[in-house]
Amino acid sequence: LSITWSKTAGALTPNIDKAIFSNTSTGTATITVSVSDGTHSVSKTIDISVSSLTFGLTASKTSVVVGTDITLTSSFSDNRAVPSSVSWIIVSKPTSASSNVIGNGASATISPDVAGTYTIKASTTLYGVAYSKEISLSASNEVVGNVIEGILTSTNGDLLSGAQIRLYNKSD
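Residues numbered from 1 in each chain as written. Predicted model: local features only at pLDDT ≥ 70, side-chain atom pairs only at ≥ 80, totals over all residues. Heavy atoms only, no water.

J.: Would you explain the overall build of the chain in this entry?
T.: Across its full length, the chain holds zero helices and 15 strands. Split into buried and exposed, the 172 residues of the chain put 21% on the buried side. Of all intrachain contacts in the chain linking residues separated by at least 6 positions in sequence, the fraction that spans at least 24 positions is 44%. As displayed, the chain has an accessible area near 11500 Å², and 50% of this comes from carbon and sulfur atoms. (Helix = DSSP H or I, 4+ residues; strand = E, 2+ residues; numbered from the N terminus. Buried < 20%, exposed > 50% of the residue type's maximum accessible area, 1.4 Å probe, protein only. Contact = heavy atoms within 4.5 Å. Areas by Shrake-Rupley, 256 points an atom, 1.4 Å probe, with all protein chains shown as cover.)

So, in structure tokens, the structure goes:
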């Protein structure tokens, strides 16, 4: 009995009636196995699609008032890729800050305690490949970004051309 394996891309490690395939390039790889007993032969071909996988990091807010909780969420571009654990660290923060990042799997929280910039890093490993991503967050001592915008109309409902109203909520 003769078993022959072939592939168009990637690495293929045959072991008699099975093989291990790996590929670091995106695209489609074709794998063929042929079996012959000297009289009869049969072949089977499969196509394997390999796409890139990216690790991302998002924050519920990137600019907050000191003392406000920020939720961080890590994820892969393919939601079927779920790491067994994610480690969270503060790469940099203001000198006098004592805030910690508290991780819980793919999510974490931080509550900046001093005004300034905080850089958070999430790291994980999936199928033996290491991934990491950083995000910068800003904390200030005053309310940031609470702007309500609208338009003004006359008493008969006509728009007043170019008229705007802006309300700002700032702390004392």
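J.: Would you mind going over the environment of threonine 117 with me for this structure?
T.: The residue threonine 117 is located in strand β12 (residues 116-126) in this model. In sequence terms threonine 117 and lysine 93 are 24 residues apart; their C-alpha atoms lie 5.9 Å from each other. Ignoring any residue separated from it by four or fewer positions in sequence, one finds threonine 117 in contact with Ser92, Lys93, Pro94, Ser136 and Leu137.

J.: Explanation requested: the sheet that holds strand β7 (residues 63-65) in the structure shown.
T.: As a general point, the strands of a sheet are linked pairwise by backbone hydrogen bonds and lie either parallel or antiparallel. Read across the open sheet, the four strands follow the order β7-β13-β12-β9; overall the sheet is mixed. Edge strands, defined here as strands with exactly one partner in the open sheet, are β7 and β9 (87-92). Neighbour to neighbour, the strand axes of the sheet diverge by 35 degrees on average, direction disregarded. For β12 and strand β13 (residues 129-140), the ladder comprises 11 bridges, and the chain directions are antiparallel. When the sheet's bridge partners are listed, tyrosine 118 is paired in β13 with leucine 137. (Pairing = 2+ DSSP bridges. Axes fitted to C-alpha atoms, helices over the stretch in contact; angles between N-to-C directions.)

J.: What is the right way to read the pattern of salt bridges from this model?
T.: A side chain of one charge can pair with a side chain of the opposite charge when the charged atoms of the two come close. In the structure shown here, the tally under the stated rule is one salt bridge. The partner of arginine 80 in a salt bridge is aspartate 78, and the shortest N-O contact between them spans 2.7 Å. Owing to a relative accessible area of 68%, arginine 80 belongs among the exposed residues under this scheme. (Salt bridge = Lys/Arg side-chain N within 4 Å of Asp/Glu carboxyl O.)

J.: Sorry, what's going on with the sheet that holds strand β11 (residues 107-110) here?
T.: Pairing is antiparallel across the open sheet formed by four strands, whose spatial order is β6-β8-β11-β10. Each of the sheet's edge strands pairs with one partner strand only, and the pair in question is β6 (55-59) and β10 (102-104). For this sheet the average axis-to-axis angle between neighbouring strands, irrespective of direction, equals 20 degrees. Where β6 meets strand β8 (residues 70-76), five bridges bridge the pair, whose relative direction is antiparallel. Along β8, the bridge assignment pairs threonine 58 with threonine 73.

J.: Help me out: how do you make sense of the side chain of serine 99 in this one?
T.: Topologically, serine 99 is positioned in the loop between β9 and β10. Judged by its relative accessible area of 5%, serine 99 falls in the buried class. Among the polar contacts listed, one links the side chain of serine 99 to the backbone oxygen of serine 111, at a separation of 2.8 Å. Residue contacts for serine 99: discarding those within four places in its chain leaves Ile90, Lys93, Ile110, Ser111, Pro112, Asp113 and Tyr118. (Polar contact = N/O pair within 3.5 Å; in protein donor to acceptor, adjacent residues only side chain to side chain.)

J.: Would you mind going over the side chain of serine 74 with me for this structure?
T.: Along the chain, serine 74 turns up in strand β8. With residues up to four places along the chain from it excluded, the contact list for serine 74 reads Phe55, Gly56, Leu57, Val86, Trp88, Ala106 and Ala122.

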